[in-house]
Amino acid sequence: MTPMTMTFDDCRRLDAEDPLATLRGQFILPEGVIYLDGNSLGVLPGAAPARIAEVVTQEWGEGLIRSWNSARWIDLPQRLGDKLARLIGAAPGEVVCTDGTSVNLYKVLFAALSQMIPTGRRVVISERSNFPTDLYIAESLCRERGFTLKLIDESELPAVLDEQVAVLMLTHVNYRTGAMHDMKTLTAAAHAAGVLTVWDLAHSAGAVPVALNDSGADFAIGCGYKYLNGGPGAPAFVWVHARHASRFEQPLSGWFGHAAPFEFSPHYRPAPGVARYLCGTQPIIALSALECGIDTVLAAEPFDGKGGSMAALRAKSLALTDAFIALVEQRCPGRFTLITPREHARRGSQVCLALADGGAGAYAIVQALIARGVIGDFRAGDTRMPDILRFGFTPLYLGFEDVWNAVEHLVQVLEHEEWKQPEFTQKLAVT
Ligand SMILES: *Cc1c(COP(=O)(O)O)cnc(C)c1O
């Protein structure tokens, strides 16, 4: 429990008692930076530069084409998938790391729609507040295949799942609010209504416990460069439940997903299981960097104890976000509205704030914080949602003193109205 009033000494004590504190040593973080944007781009694992150099100079430079065998490049997507499976409640052989999140969503949604064609159901449900690329992919795919994409608010679930609905496509943790769905309950409700589920784990993998098999989900995809620390544009991942594994249709039927690519047969024959979700030749350098990132998260496994997968990271993540919320409320009273759910079961690993007065300063405050080395980000609002300041908390490399200092900087930015300086209001291309 967070005490009523939190002090700097409390934060130091929490750091001293934190069993995960040593994991920060796995990363290269610039001096003077408090990084609260690991939900957008994870930080550089210390092992990555040497590993990438090794792949380039030895495996590529010396090994050349032989490295597909000798360095086992050929099954790298599967080997990484097996490692990642441990973090998302999947079994070995059920996950591959490949392509990007948007592309993987196209593949799994296509597969889900194909399965539902014979049922005559023609509606795909998603949330209006889902990440735009998910909605764009679904929109064009639905148009192409004669389905209708229906956008809803969370409160309409599960009532909206009627006999017209083919697929429920949700992002487990909302990118903007940090709100988390109950995957198991919603999946059960979908199945009871005859609906398949597609889950996007972009803000979940490496951030919160995920139990894909236990929840009985059908398809899942997720991102490699956020909480998995795989590097900018890192390959993403795909999971499919074993009950679909040998019959789903991959629309991008490239040769790496063929049952026997080196037979060079003129006809496509899908590989068994999730391997068919590979398309073309895999990005080995990028996959090698992703492996370093996944390893940084797996390094927390020995701390999990009986709680199982991600238990230790989850406990610290909740303690960090609790502390941040408490300190913002204590030290900036009345200034912000908490957008992220307070309830632990509904909270991802981020905290989003809106300005309580509804003013337009959110972007400038984030910029003023960045100038002070506190890196969070800004997401513009719309008619339904205010502008937000977004802070991601990655327990692998953040401590409670970081939380204290971040809030101290926020207090300073507000007290001295630093954010009103003209250089902080100029919109950059990437917010
Ligand atoms: C970050 C994110 C993506 C990113 O997709 P890319 O193809 O990697 O650009 C997709 N969906 C969600 C929900 C995300 O949070």
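Being a predicted model, the structure only gives us computed values, none of them experimental.

## Thoughts on the sheet that holds strand β14 (residues 377–379)
- Across the sheet, which stays open at both edges, the 4 strands sit in the order β11-β12-β15-β14 with antiparallel pairing between neighbours. Bordering the open sheet on either side are β11 (336–338) and β14, each of which pairs with just one other strand. Sheet twist, expressed as the average angle between the axes of neighbouring strands with direction ignored, equals 35°.
- Relative to strand β12 (residues 350–355), β11 runs antiparallel, the two being bridged by 3 bridges.

## Brief notes about helix α7 (residues 183–192)
- Listed in full, the buried residues belonging to α7 are M183, L186, T187 and A190. Viewed along the axis of α7, the buried residues span an arc of 100°, placing them on a single side of the element.
- The elements touched by buried residues of α7 are β7 (165–171), β8 (196–200) and α8 (212–215).
- The backbone nitrogen of K184 lies 3.2 Å from a side-chain oxygen of the residue at the head of α7, namely D182.
- Where α7 ends, the next residue or the one after it, G194, has phi of about 75°, a positive value.

## Observations concerning unusual backbone geometry
- Here the residue pair L157 and P158 is connected by a cis peptide bond, since its omega of 0° sits within 30 degrees of zero.
- A positive phi is found at D99, a non-glycine position, where the angle reads about 50°.
- Topologically, D99 is positioned in the loop between β4 (95–98) and α5 (101–116).
- On the basis of relative accessible area, D99 is assigned to the partly exposed category, the value being 26%.
- With a phi close to 70°, M310 is a non-glycine residue in the positive phi region.
- Taking relative accessible area as the criterion, M310 reaches 3% and is therefore assigned buried.

## Quick notes on the pairing of strand β10 (residues 236–240)
- Among the 5 residues in β10, 5 count as buried, and that is most of the element.
- Here β10 shows a buried face lined by A236, V238 and V240 and a second buried face lined by F237 and W239.
- Pairing between β4 and β10: 4 bridges, direction antiparallel. By the bridge assignment, T98 is partnered in β10 with A236.

## Concerning the environment of S317
- Its location among the elements puts S317 in helix α10 (residues 311–331).
- Sequence separation of S317 and L398 is 81 residues, and the distance between their C-alpha atoms is 9.2 Å.
- A distance of 2.8 Å separates a polar atom in the side chain of S317 from a polar atom in the side chain of S349.

## Some remarks on the packing of aromatic side chains
- Counted by the stated rule, this structure contains 16 aromatic pairs.
- Arranged with centres 6.0 Å apart and planes meeting at 65°, the rings of F8 and W404 form a pair that is edge-to-face. Residue F8 is located in helix α1 (residues 8–16), and its partner W404 is located in helix α12 (residues 400–415); the two are separated by 396 residues in the primary sequence.
- Here F8 falls in the partly exposed class, since its relative accessible area comes to 27%.
- Between the aromatic rings of F324 and F393, the centroid separation amounts to 5.0 Å while the plane-to-plane angle is 50°, which identifies the pairing as tilted. Placement of F324 in helix α10 and of F393 in the loop between β15 (388–392) and α12 is noted, with a sequence separation of 69 residues between them.
- A relative accessible area of 2% places F324 in the buried class.
- Residue classification places F393 among the buried positions, given a relative accessible area of 0%.
- Put simply, the rings of W68, W73, W255, F256, F262 and F264 touch in pairs and so form one group of aromatic residues.

## Comments concerning a nonpolar patch on the surface
- On the surface, W60, L64, I65 and I285 cluster together to form a nonpolar patch covering roughly 440 Å² of accessible area.
- Here W60 lies in helix α2 (residues 48–62).

## Quick word on the site of the ligand
- Every residue lining the ligand is accounted for by T101, S102, F131, T133, D134, T171, D200, A202, H203, Y225 and K226.
- The contact in question runs from an oxygen atom of the ligand to an N or O atom on the side chain of T101, over 3.4 Å.
- Within the contact set of the ligand, an oxygen atom lies 2.9 Å away from a side-chain nitrogen or oxygen of H203.
- Alone, the ligand offers 390 Å² of accessible surface; in the complex the protein occludes 85% of this.
- Elements with a contribution of two residues or more to the shell around the ligand: α5 and α6 (132–145).
- A per-class count over the shell around the ligand returns 3 nonpolar, 5 polar and 3 charged.

## Regarding the packing of α1 against α12
- Between α1 and α12, the least distance of the axes is 7 Å, while the angle of their chain directions is 150°. Relative to α12, the element α1 is oriented roughly antiparallel. Between α1, through F8, C11, R12, L14 and D15, and α12, the contact on the second element is made entirely by F400, E401, W404 and N405.
- When the residues that make up the contact of α1 with α12 are grouped by side-chain class, the tally is 5 nonpolar, 1 polar and 3 charged.

## Side note on the domain arrangement of the protein chain
- Segmenting the protein chain into domains produces domain 1 (8–31 + 309–424) and domain 2 (50–298).
- If you average the C-alpha positions of domain 1 and of domain 2, the two centres end up 29 Å apart.
- Taken together, the contact pairs 29 residues of domain 1 with 23 residues of domain 2.
- Summed over both partners, the interface of domain 1 with domain 2 comes to about 2100 Å²; 53% of that surface belongs to carbon and sulfur atoms.

So, how was this worked out
- Residues numbered from 1 in each chain as written.
- Predicted model: local features only at pLDDT ≥ 70, side-chain atom pairs only at ≥ 80, totals over all residues.
- Heavy atoms only, no water.
- Pairing = 2+ DSSP bridges.
- Helix = DSSP H or I, 4+ residues; strand = E, 2+ residues; numbered from the N terminus.
- Axes fitted to C-alpha atoms, helices over the stretch in contact; angles between N-to-C directions.
- Buried < 20%, exposed > 50% of the residue type's maximum accessible area, 1.4 Å probe, protein only.
- Arc of directions from axis to C-beta.
- Contact = heavy atoms within 4.5 Å.
- Polar contact = N/O pair within 3.5 Å; in protein donor to acceptor, adjacent residues only side chain to side chain.
- Phe/Tyr/Trp six-rings, centres within 6.5 Å; stacked < 30°, edge-to-face > 60°.
- Patch = residues over 30% accessible without salt bridge, like charges linked within 9 Å, V, L, I, M, F, W, Y side chains within 5 Å.
- Areas by Shrake-Rupley, 256 points an atom, 1.4 Å probe, with all protein chains shown as cover.
- Salt bridge = Lys/Arg side-chain N within 4 Å of Asp/Glu carboxyl O.
- Near = heavy atom within 4 Å.
- Nonpolar A, V, L, I, M, F, W, Y, C, P; charged D, E, K, R; others polar.
- Parallel < 35°, antiparallel > 145°, perpendicular 65-115°, else oblique.
- Domains from an automatic or database assignment.
- Buried area = accessible area lost by both parts, 1.4 Å probe.

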